[in-house]
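Examination of the molecular architecture
So you can see what is in the structure, the chains are spelled out below.
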Amino acid sequence: MKKRSKKRNTYFPGALYSIAFCLPVIVLLVFLLSKFYTIEGRGDPIGIVIAAVFIVLFMLLLKAGRKLFDVTEKAFLKCGDAQKAYGKAVLTEAIVFFVFLILLMFLITAIF
């Protein structure tokens, strides 16, 4: 019988909002760097810089994403119980993330 970690399935509220806020900055950074520098491979310093910028930006925006999640949860809490409000807030976060991602992809293809 295998032991499973309970932290594996932990959901972090606001993480998708944080990723959605980071994506335009990272796309813009990659676009600007590609104008001046050719990214060559996995060990390239510019790739490492881009990854580091993404991680730092994600950590900074995680707090803003958590607050946005709390606002949506409080809005759903007014019309139902706590468990349903949490579920609806998670669903809203996922929908907003994917809509934002699709809009960003359309914007990128229109510009480039």
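We now turn to the structure provided with this report. Treat the numbers as computed from the prediction; the structure is a model and nothing was measured.

1. Observations concerning the overall build of the chain
Scanning the chain for helices and strands turns up three helices and zero strands. Listing every helix and strand of the chain by position from the N terminus yields α-α-α. Per-residue burial for the chain yields a buried fraction of 19% across its 112 residues. The long-range share in the chain, meaning contacts at least 24 apart out of those at least 6 apart in sequence, stands at 72%.

2. Section: the side chain of serine 18
Tracing the backbone through its elements, the reader meets serine 18 in helix H1 (residues 15-36). Residue class for serine 18 comes out buried when judged on its relative accessible area of 0%.

3. A look at the environment of alanine 20
Relative to the helices and strands, alanine 20 resides in helix H1. Residue classification places alanine 20 among the buried positions, given a relative accessible area of 5%. Considered as a pair, alanine 20 and phenylalanine 58 are 38 residues apart in the sequence and their alpha carbons are 9.4 Å apart. If we ignore the near neighbours within four places in the chain, the residues touching alanine 20 are Phe97 and Phe100.

4. Considerations on helix H3 (residues 82-111)
When the terminal C-alpha atoms of H3 are compared, their 43 Å separation across 30 residues agrees well with the 44 Å that a helix rising 1.5 Å per residue should span. Taken as a whole, H3 has its buried residues at Ala85, Ala89, Glu93, Phe97 and Leu104. Looking at the buried residues of H3, the elements they touch are H1 and helix H2 (45-77).

5. Quick look at the pattern of salt bridges
This model, assessed by the stated rule, comprises one salt bridge. Across the salt bridge formed by arginine 66 and aspartate 70, the nearest N and O atoms sit 3.7 Å from each other. Highlighted residues: arginine 66 and aspartate 70, both in helix H2, separated by four residues, approximately one helical turn.

Reading the values: rules and limits
- Residues numbered from 1 in each chain as written.
- Predicted model: local features only at pLDDT ≥ 70, side-chain atom pairs only at ≥ 80, totals over all residues.
- Heavy atoms only, no water.
- Helix = DSSP H or I, 4+ residues; strand = E, 2+ residues; numbered from the N terminus.
- Buried < 20%, exposed > 50% of the residue type's maximum accessible area, 1.4 Å probe, protein only.
- Contact = heavy atoms within 4.5 Å.
- Expected span 1.5 Å × (residues − 1).
- Salt bridge = Lys/Arg side-chain N within 4 Å of Asp/Glu carboxyl O.

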